[in-house]
Amino acid sequence: MGPLVLLALISIITLDSAKTTSVSDTIPDTTTSSTSSEPPSSSIASKDTASDNDASSYDDEQSDMMWKKVEAEALCDLYRSLMPVAAWTVDICVEFPDEPPCDIVDSDFGGITCNDLGHVWLIDLSTQATQVGTIPASLGNLSQLHSLSLPHNKINGTIPASLAVLPNLSLLDLGDNDISGEFPYFNCTQMSSLTVSENFLSGTVPACFTIMPNLFSIALYDNHLEGTLPPLPSALHSITVGHNNFTGSVDAFMNQPYLLTVSLDNNSFYGTLPSSLSLLTSLQTLSASHNFLTGTLPTELFTQKIAYMYLNHNYFSGSLPDVAPSTKTTLINLSNNLLSGSIPQSFINATRLKQLYLAFNSFVGEVPVPNSPRLHTIDLSSNMFSGTIPSYTLVRCPQLSNINMSNNLLSGTIDSLNSSYIFQLDLRNNYLTGTLPFYISEQKVLFCFLDENCFDCQTSTTCNCNNTRPTTQCHPSSSSLSQPSFIGISSQELPLSQSTSIGSSIHHYSITAAFLVCIQGILLFV
């Protein structure tokens, strides 16, 4: 049996080997087969990208919802801090706790504007004028805010530091409120217009303007700010800083080629007006009244196309430059200075002048009557002009309606002023004679002051001319005329004269300047 058993075992082994080979031949080689059962790598990447996009979209949606809730909370804080906000007729905190009311078309939330993404873009409560409260710091969370306008209210407190760093803020108007504290360091690089005027801000202004290259308007007037002004951005068009305690020279304003308006009145600026004023080729309004400016007036001041020139209440001296003012000039106010000499003939040829103020100086010579048919106001009071009032006064200036030549050395009649257009006339303290012209004697002049002259006044006139000079003083020789003492300004001032300075009147006379003018005038006469 041995050989038979051995033969059987060999047969079984051979059969198993054949089966194994057959099975192995039917299994595909995954390392070489091009018909692998696993998905291609590009298909896997596509599914991963779709998954990532879904996740990103979800994250963006969640982030957007979060920021809208933050903005809604900021508006809620504003509503509560300024309650009642007249423009919002419902409680924004209750009605919109999770997002700002961007899609509301009706007037329930007037003053709020959103951008295309649903973020708060503009807040304007300038027409309310009833808001009392403070500015919440959470407004600094309105990262898309472009414009914030809250003027003419009664907002108090300070300007939040968070507001001064909003990256997209372009316009900020907080003017005419009760805001106090220091002027913040603004780092709003998109800022184009900054208005914080008519408040109670104090301290100095930090050097932050130049980091706002688009800043074209700065309004700081009527606060308690002090020190020198920091460097200004080159794009600046308008700067109004009047009625503060600023000091320093005005040279800093001379390298701003785009300036249209410069208002520095009622501060403590000093020094002279440099000839580099000619670089300000776009300047239209120059208001530097009530300061400590000295020296002579540069010729460039009058050759520039400056329409409104307010330099009253300073310490300018010398004579006027012999040059005709620009044809663009409509108002010149040089009152209350230390100017002297006669008025150059070229200066009289200012054909576009509408208002001329030369009061409280030491000018001499004949009465200057500009050859300007548009002139309606002239103030030559408190000088040493002599001679008669020119007969061609109303020929050159047919629209002349406001005349102040008081406190001079004028003589002769006033027949040349017989016009129905004149409704404000002040000729006090001169040596004028004769009867009053028809339109004056018949009560056609609304405000009329003729005291301290030599008129033959009719009792029916409403003009104040009863207090006449003694007869012995009415016909003196020219050599015996003395400089008149300045008569105090009546409470019935010429109303139009009150517009001679931005934010101030020429009749708020400086006692110091008037005293110096008096002394200088006496010395000149002697």
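A quick note: this is a predicted structure, and the numbers were derived from the prediction, not measured.

1. Observations regarding the overall build of the chain
So, step 1. Secondary structure summary: the chain contains eight helices and 31 strands in total.
So, step 2. Within the chain, contacts between residues at least 6 apart in sequence are counted, and of these 39% link residues at least 24 apart.

2. Some thoughts on the nonpolar core
So, step 1. The biggest cluster of nonpolar side chains holds 114 residues, and the ones touching the most others in it are Phe183, Phe186 and Phe209.
So, step 2. Of all the elements in the fold, those that place two or more residues in this core are helix H2 (41-81), helix H3 (92-95), strand S1 (112-114), strand S2 (120-124), helix H4 (300-303) and helix H5 (345-348).
So, step 3. Sort the elements by how many residues they give to this core and H2 lands first, with five residues.
So, step 4. When residues no more than four places from it in sequence are discounted, the contact partners of Phe186 are Ile159, Ala164, Leu172, Met191, Leu194, Cys208, Ile211 and Met212.

3. Looking at the pattern of salt bridges
So, step 1. Enumeration according to the criterion identifies two salt bridges in this entry.
So, step 2. A salt bridge links Asp426 to Arg428; the nearest nitrogen and oxygen atoms lie 2.7 Å apart.
So, step 3. Judged by its relative accessible area of 3%, Asp426 falls in the buried class.
So, step 4. Residue classification places Arg428 among the buried positions, given a relative accessible area of 8%.

4. Side note on the side chain of Ser170
So, step 1. Residue placement: Ser170 occurs in the loop between strand S5 (154-155) and strand S6 (171-173).
So, step 2. Ser170 sits in the buried class, given a relative accessible area of 11%.
So, step 3. Not counting residues up to four positions away in its chain, the partners in contact with Ser170 are His146, Gln190, Met191, Ser192 and Ser193.

5. So, the side chain of Asp265
So, step 1. On the secondary structure map, Asp265 appears in the loop between strand S14 (261-263) and strand S15 (268-271).
So, step 2. We note that Asp265 is buried and unpaired, the nearest opposite charge coming from Lys354 at a distance of 21 Å.
So, step 3. At 2.7 Å, the side chain of Asp265 forms a polar contact with the side chain of Ser263.

6. Quick look at the packing of aromatic side chains
So, step 1. Scanning all chains against the criterion turns up six aromatic pairs.
So, step 2. Summarising the aromatic geometry, the rings of Phe183 and Phe209 are spaced 6.3 Å apart at their centres and angled 85° between planes, so their arrangement reads as edge-to-face. Within this pair, whereas Phe183 is found in the loop between strand S7 (180-182) and strand S8 (193-195), its partner Phe209 is found in the loop between strand S9 (200-203) and strand S10 (217-219), the two being separated by 26 residues in sequence.
So, step 3. With relative accessibility at 5%, the residue Phe183 sits in the buried group.
So, step 4. On the basis of relative accessible area, Phe209 is assigned to the buried category, the value being 0%.
So, step 5. Three or more aromatic residues link up through ring pairs in this structure, and these residues are Phe183, Phe186 and Phe209.
So, step 6. Lying over the aromatic face of Phe449, Arg428 brings its terminal NZ or CZ to 4.9 Å of the ring centre.

7. As for a positive patch on the surface
So, step 1. Residues Lys305, Lys328, Arg352, Lys354 and Arg374 make up a contiguous surface patch of positive charge.
So, step 2. Among the structural elements, Lys354 can be located in the loop between H5 and strand S22 (355-357).

8. Structural notes on the environment of His224
So, step 1. Its location among the elements puts His224 in strand S11 (residues 224-227).
So, step 2. Judged by relative accessible area, His224 falls into the partly exposed class, the value being 42%.
So, step 3. Here the alpha-carbon distance between His224 and Ser202, two residues 22 residues apart in the chain, equals 4.7 Å.

Rules behind the numbers
Residue positions are given per chain, counted from 1 along the sequence in the order it is written. For a predicted model such as this one, the threshold for reporting local features is a pLDDT of at least 70, and the threshold for listing and counting side-chain atom pairs is 80 or more; totals across whole chains, interfaces and linings nevertheless cover every residue. Only heavy atoms go into the side-chain values, all of them from the structure, while hydrogens and water stay out. Under the DSSP-based scheme used, a helix requires at least four consecutive residues in state H or I and a strand at least two consecutive residues in state E, with every element numbered from the N terminus. Contact criterion: two residues are considered in contact whenever any of their non-hydrogen atoms come within 4.5 Å of each other. We call a set of buried Ala, Val, Leu, Ile, Met, Phe, Trp, Tyr and Cys residues a nonpolar core when their side-chain atoms join them within 4.5 Å. Using a 1.4 Å probe on the protein chains alone, a residue whose accessible area is under 20% of its type maximum counts as buried, one over 50% counts as exposed, and one in between counts as partly exposed. Only one rule defines a salt bridge in this text: a Lys or Arg side-chain nitrogen within 4 Å of an Asp or Glu carboxyl oxygen. The positive count covers Lys and Arg only, the negative count covers Asp and Glu only, and His and the chain ends enter neither. Definition of a polar contact: a pair of N or O atoms within 3.5 Å, with one able to donate and the other able to accept a hydrogen when the atoms are protein atoms, and with sequence-neighbouring residues admitted only if both atoms are side-chain atoms. Stacked, tilted and edge-to-face are the three classes applied to pairs of Phe, Tyr and Trp rings, where Trp contributes its six-membered ring and a pair requires centres within 6.5 Å; stacked means planes under 30 degrees apart, edge-to-face means over 60, and tilted covers the rest. Should the NZ of a Lys or the CZ of an Arg lie within 6 Å of a ring centre and within 35 degrees of the ring normal, that charge is described as sitting over the ring. Patch rule: a residue counts if its relative accessible area is over 30% and it has no salt bridge; like charges are joined within 9 Å, and nonpolar side chains (Val, Leu, Ile, Met, Phe, Trp, Tyr) within 5 Å. Per-residue and other accessible areas were derived by the Shrake-Rupley procedure at a 1.4 Å probe size, with only the shown protein chains allowed to occlude residues. Charged side chains are reduced to one point each, which is NZ for Lys, CZ for Arg, CG for Asp and CD for Glu.

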